[in-house]
Amino acid sequence: MPKKKNNIVLYFSMFGKNEKIADIISMEFNALKMRIAASGWGFLKIPLHMIKGVLERDVVMIPNKNLKDYNTIFIGGPVWAGKPCPALMDTIKKVRIKDKNVVLFLTATGDFGNAENIMRDAVRKKGAKVKALFKFFTSENEKEIKKKLKEIGIEIY
Ligand SMILES: Cc1cc2nc3c(=O)[nH]c(=O)nc-3n(C[C@H](O)[C@H](O)[C@H](O)COP(=O)(O)O)c2cc1C
């Protein structure tokens, strides 16, 4: 009997774009959605998050760090100041992804800065295989997002 698909999408979203993308990935690749939450309230949320990132303090709590039961692990979120936002970097630091197939995604309004390389390097350092990295503009709609996901033609089991 063919093995059941067992994928997961870990994502951070402050304003909803990455939430939408995670929904699409979840549907297209039969992946369980896991939202990464960062602490902080209202207008303090962003500066607090940035400061914690710079000081390398805990930004996020990951409920299930052990991802060994998943075949493909999607990890994504927004670009902040030309880098993956601190919640994303902290997530990569905390999850066990050694030898795992990982697909990354980033969103930005226009300038991805060096976020792609920073994220890819961090994931590779953890011993995971980066199968693909998707860059989506905040303005891209569902149709365009689905098209991009299909174009790269990643094989997800
Ligand atoms: C603090 C902060 C910094 C940002 N820096 C950048 C940036 O350097 N380049 C860019 O194109 N967009 C930047 N953005 C825009 C976000 O990357 C973009 O709107 C993203 O799609 C939001 O994702 P979300 O809705 O899932 O939170 C920034 C947004 C915030 C809040």
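Look up a bit, the structure's there.
Rules behind the numbers
Residues numbered from 1 in each chain as written. Predicted model: local features only at pLDDT ≥ 70, side-chain atom pairs only at ≥ 80, totals over all residues. Near = placed C-beta within 6 Å. Helix = DSSP H or I, 4+ residues; strand = E, 2+ residues; numbered from the N terminus. Axes fitted to C-alpha atoms, helices over the stretch in contact; angles between N-to-C directions. Parallel < 35°, antiparallel > 145°, perpendicular 65-115°, else oblique. Left-handed = near helix turned anticlockwise from the far one by under 90°. Contact = placed C-beta atoms within 7 Å. Nonpolar A, V, L, I, M, F, W, Y, C, P; charged D, E, K, R; others polar. Buried ≥ 20, exposed ≤ 12 C-beta atoms within 10 Å, placed from the backbone.

Visitor: Help me understand the site of the ligand in this model?
Guide: The ligand sits among 19 residues. The nearest are S13, F15, K17, N18 and A108. Elements with a minimum of two residues in the shell around the ligand: α1 (17-28), β5 (72-80) and β7 (101-108). Residue contributions to the shell around the ligand peak at 3 residues, all from β5.

Visitor: Hey, could you run me through the packing of α1 against helix α5 (residues 142-151) in this one?
Guide: The relative placement of two packed helices comes down to the angle between their axes together with the axis-to-axis distance. Two elements in contact, α1 and α5, have axes whose closest approach is 11 Å; the angle formed by their N-to-C orientations is 50°. Between α1 and α5, the crossing angle belongs to the class labelled oblique. The crossing of α1 and α5 is right-handed. Across the interface between the two elements, I21, I24 and E28 of α1 pack against E142, I145, K146 and L149 of α5. Looking at side-chain class alone, the contact of α1 with α5 contains 4 nonpolar, no polar and 3 charged residues.

Visitor: What is the right way to look at the environment of P86 in this model?
Guide: As for its position among the elements, P86 is in helix α3 (residues 86-94). Accessibility expressed as a C-beta count within 10 Å gives 25 for P86, which makes it buried. Put simply, P86 and V103 are 17 residues apart on the chain and 18 Å apart in space, counted from C-alpha to C-alpha. The residues contacting P86, other than those within four sequence positions of it, are H49, M50, K52, G53 and V59.

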